[in-house]
Amino acid sequence: MATPSEVVLEVRDLVKHFPLTQGILYRRQIGAIKAVDGVSFDLHRGETLGIVGESGCGKSTLAKLLMALEKPTSGKVLVNGKDIAAAKGSELKHMRRNIQMVMQDPYTSLNPRMTVGDIVGEPFEIHQGVAPKGDRRKRVQELLEVVGLNPDHINRYPHQFSGGQRQRIGIARGLALQPEIIICDEPVSALDVSIQAQVMNLLDSLQKEFNLAYIFIAHDLSVVRHISDRVAVMYLGKMVEVGKDSDIYDRPSHPYTQALLSAVPVPDPEGREQRERIILKGDPPSPANPPSGCRFRTRCWKAQDICAEQEPLLEIRPKSGDHPSACHFAESEDVVHVN
Amino acid sequence: MTEVLPETKSGGTGGGALLEVENLQVEFHTRAGVAKAVNGVTYSVNAGETLAVLGESGSGKSVTAQTIMGILDIPPGKIVGGEIRFRGTDLLKLPEDERRKVRGEGIAMIFQDALSALNPVFPVGWQIAEMFRMHRGMSRADAKKKAVELMDRVRIPAAKDRVSDYPHQFSGGMRQRIMIAMSIALDPEVLIADEPTTALDVTVQAQIMELLAELQRESNMGLILITHDLGVVADVADKIAVMYGGRIVENASVHDLYRNPAHPYTKGLLESIPRVDLKGQELYAIKGMPPNLLDMPTGCAFNPRCPYRQEKCVTDVPPLHTISGTRGSACHFWREVLDGDAQ
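Residues numbered from 1 in each chain as written. Chains lettered and ligands numbered in written order. Predicted model: local features only at pLDDT ≥ 70, side-chain atom pairs only at ≥ 80, totals over all residues.

Further remarks concern the nonpolar core. In this structure, A:Ile215 and A:Val233 are the most contacted members of the largest nonpolar core, which totals 194 residues. Element by element, the count of residues in this core is highest for helix H7 (residues 172-184) of chain B, at 7 residues. Taken domain by domain, the makeup of this core includes at least three residues from each of domain 1 (12-106 + 189-283) and domain 2 (118-185) of chain B. Excluding residues within four positions of it along the chain, A:Val233 makes contact with A:Val52, A:Gly53, A:Met239, A:Val240, A:Glu241, A:Ile248, A:His254, A:Tyr256, A:Thr257 and A:Leu260. (Core = buried A, V, L, I, M, F, W, Y, C linked by C-beta atoms within 7 Å. Buried ≥ 20, exposed ≤ 12 C-beta atoms within 10 Å, placed from the backbone. Helix = DSSP H or I, 4+ residues; strand = E, 2+ residues; numbered from the N terminus. Domains from an automatic or database assignment. Contact = placed C-beta atoms within 7 Å.)

As a further point, take helix H1 (residues 59-66) of chain A. Residues and elements named next belong to chain A. For H1, the tally of buried residues reaches 6 of 8 residues, placing the bulk of the element in the interior. Listed as buried for H1 are Lys59, Thr61, Leu62, Ala63, Leu65 and Leu66. Just beyond H1, the residue with positive phi is Ala68, at close to 60°.

What follows covers the packing of helix H3 (residues 116-126) of chain A against helix H4 (residues 136-146) of chain A. Residues and elements named next belong to chain A. Contact pair H3 / H4: the axes reach a minimum separation of 9 Å and the direction vectors enclose 115°. As for how H3 packs across H4, the hand of that crossing is right-handed. Here H3 contributes Gly117, Val120, Gly121 and Phe124 to the contact with H4, which in turn contributes Arg136, Arg137, Arg139, Val140, Leu143 and Leu144. Considered class by class, the residues forming the contact of H3 with H4 number 5 nonpolar, 2 polar and 3 charged. (Axes fitted to C-alpha atoms, helices over the stretch in contact; angles between N-to-C directions. Left-handed = near helix turned anticlockwise from the far one by under 90°. Nonpolar A, V, L, I, M, F, W, Y, C, P; charged D, E, K, R; others polar.)

This part covers the packing of helix H9 (residues 255-263) of chain A against helix H8 (residues 202-219) of chain B. Here H9(A) crosses H8(B) at 55°, and the two axes come no closer than 8 Å. Taken together, H9(A) and H8(B) sit at an angle that is classed as oblique. H9(A) and H8(B) meet at a crossing whose hand is left-handed. Seen from H9(A), the contacting residues are A:Ala259, A:Leu260 and A:Ala263; seen from H8(B), they are B:Val202, B:Thr203, B:Gln205 and B:Ala206. Residue composition of the contact of H9(A) with H8(B), grouped by class: 5 nonpolar, 2 polar and no charged. (Parallel < 35°, antiparallel > 145°, perpendicular 65-115°, else oblique.)

A few words on the domain arrangement of chain B. Residue and element names in this part refer to chain B. Partitioning chain B into structural domains gives domain 1 (12-106 + 189-283) and domain 2 (118-185). On a C-alpha basis, the centroid separation for the pair domain 1 and domain 2 is 26 Å. If you look at the interface, domain 1 gives 11 residues, while domain 2 gives 11 residues. Only helix H2 (96-105) and H8 provide two or more residues apiece to the side of domain 1 that touches domain 2. The element that contributes the greatest number of residues to the side of domain 1 that touches domain 2 is H8, accounting for 5 residues. Grouping the constituent residues of the side of domain 1 that touches domain 2 by class yields 8 nonpolar, 2 polar and 1 charged.

Residues and elements named next belong to chain A. With mixed pairing, 6 strands are arranged side by side in an open sheet as S6-S7-S8-S3-S9-S10. Since the sheet does not close on itself, it has two edges, and those belong to strand S6 (99-102) and strand S10 (238-244), each with one partner. Recorded for the sheet is a direction-independent mean angle of 20° between the axes of neighbouring strands. Pairing of strand S9 (residues 230-235) with S10, which is carried by 6 bridges, proceeds in the antiparallel orientation. Bridge pairing in S10 places Val233 opposite Glu241. (Pairing = 2+ DSSP bridges.)

All names here are of chain B. On the basis of which strands lie adjacent, the open sheet formed by 4 strands has the order S2-S1-S4-S5 and antiparallel pairing. Each edge of the sheet is formed by a strand with only one pairing partner; in this case those strands are strand S2 (33-45) and strand S5 (89-90). Its contacts with the sheet put helix H1 (residues 61-69) on strand S1 (19-30), S2 and strand S4 (77-86), and the angle it makes with S1 is roughly 110°.

Quoted interface sizes are often the accessible area lost when the parts come together. Taken together, the contact pairs 40 residues of chain B with 37 residues of chain A. Among the elements of the structure, H8, helix H9 (230-236), helix H10 (254-259) and helix H11 (264-271) of chain B are those that each provide at least two residues to the side of chain B that touches chain A. With 7 residues, the top contributor of residues to the side of chain B that touches chain A is H8(B). Across the side of chain B that touches chain A, the residue classes tally to 19 nonpolar, 12 polar and 9 charged.

See the structure below:
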């Protein structure tokens, strides 16, 4: 976004720990999975924030927290200044109209026994005030048209559609209540390569048309770069680096971001013999028992004693190149040109 | 890792390639009709060479691999025609007990989802050792020793202590390593990897691809890599076969294919990759959707989605035209596609 605009979503020190319990009669807590552990960011109107990270880093838990589908252990999620995590009853219901979600798997996120009309119209059923009863069918048909489906197919069932079309149905459902924020959790990863571009273009044009703000969660870094204005990199429940897409992709300063970028295969065979690649050792540690200090230190090639003792904060550092990075030894470097 | 590829060495099989698939046709008989999943597929791989088979779901890439391995479910599957020659012998004509010897020792396979491919109720070491007990008639103790060696070779840390662990005790990347250990146990000459990294994170994917490249360098295996990921293909392949609707639509060396695709489908796929210089613009998208195998379009299967379509495409199935040497394109208008002027 060129012009700074109104903040629609503010996340402050968001934490979600899932308790680990032992015993059947006397359940006692023996630890916690620290799925999201202190995440803060702002989202502006009409902006897209991409969130990347490996499985288990807390991306999807974050999405659920933003949707108020999980209760945070601590921290705030402010939608237009009001805390959705603390809201209850009719207030929460009202706030949910403003923040909707598109799921990853269009095969399991649509009820096979409901027609497309019922699926897309269900939000109106729950939020009675949005569209009067007689008007609903027409509204659903309009929505189908907006996402590029034939409005005459309103009585069909999900199995009569292909994967890409089903994802369009999911997007239509997300748009029904005219939200300001849509959370897209891996919206194209279940689709065939030739269909992904179609859905990406649809999301892009809807954003322009309705001035939507997106949280775009994905593991495909080139897809995230294409659609995002800003990108946040997560590792084991924390954000390790945040910046404009060019900051993250051309001048990454956190070793994890660098490793992640260099691990992405480049779809161009030219010069592949010369390509340097950072190969990380091992797997991410368990979020139940994260390493002390910097969580990435167990796989990091820059790790020193300070990394085990002191947790690096997400802040602008001398060599991090104008954007915050949670590494004691942050140094921006162009690892690879991800096209 | 600076380099993933060994130099291509010619297969020492005297003339023909190590593994050749010729005009393979496989059908599935279902209640809704006959699905021609593989419709005349021809490809080959030599020792030390990496062939990437690129295609979307339903293009027939996995069915071809299953047929090569002899693990296709028959029925509903049915091999209608074609040959699969391994060192010159047609595998489809071999009796089952001889076929079984080829499986594992001649040609081995890695599957996408290691968790469902491994047996959850046996320790991983036992499952790897099974290869030696069954094929080599080793004793339990010797086979277990070999299993530890293999787990070391695929770089599972503390292999000795983990040989008795069960699949669920390993992470996704480690499970894929165990699958690889099983597949290379008997030193196969050809390894088929069916989407080996699709279920894994990118950093783990890089580890696994590096491991495969190293194993290939050590033993000079032929590798058939089945994938839909254009990035992985560009990284490791020597040559590429692009599949669409059960047919090969383009055959090319990796450099030719990325530099100048000769089939509109390949071209469309490459153009739809998000690129930095096109950020903020609409992505090129191939219109429409992949064909339904039960109801294939007449003529060229790609014609409803093709920007080069003409009348001929709806009536005539395009043969795989030879462009030069090993390069081929199954498009009537490959010349126009190569020159790059879409209608």
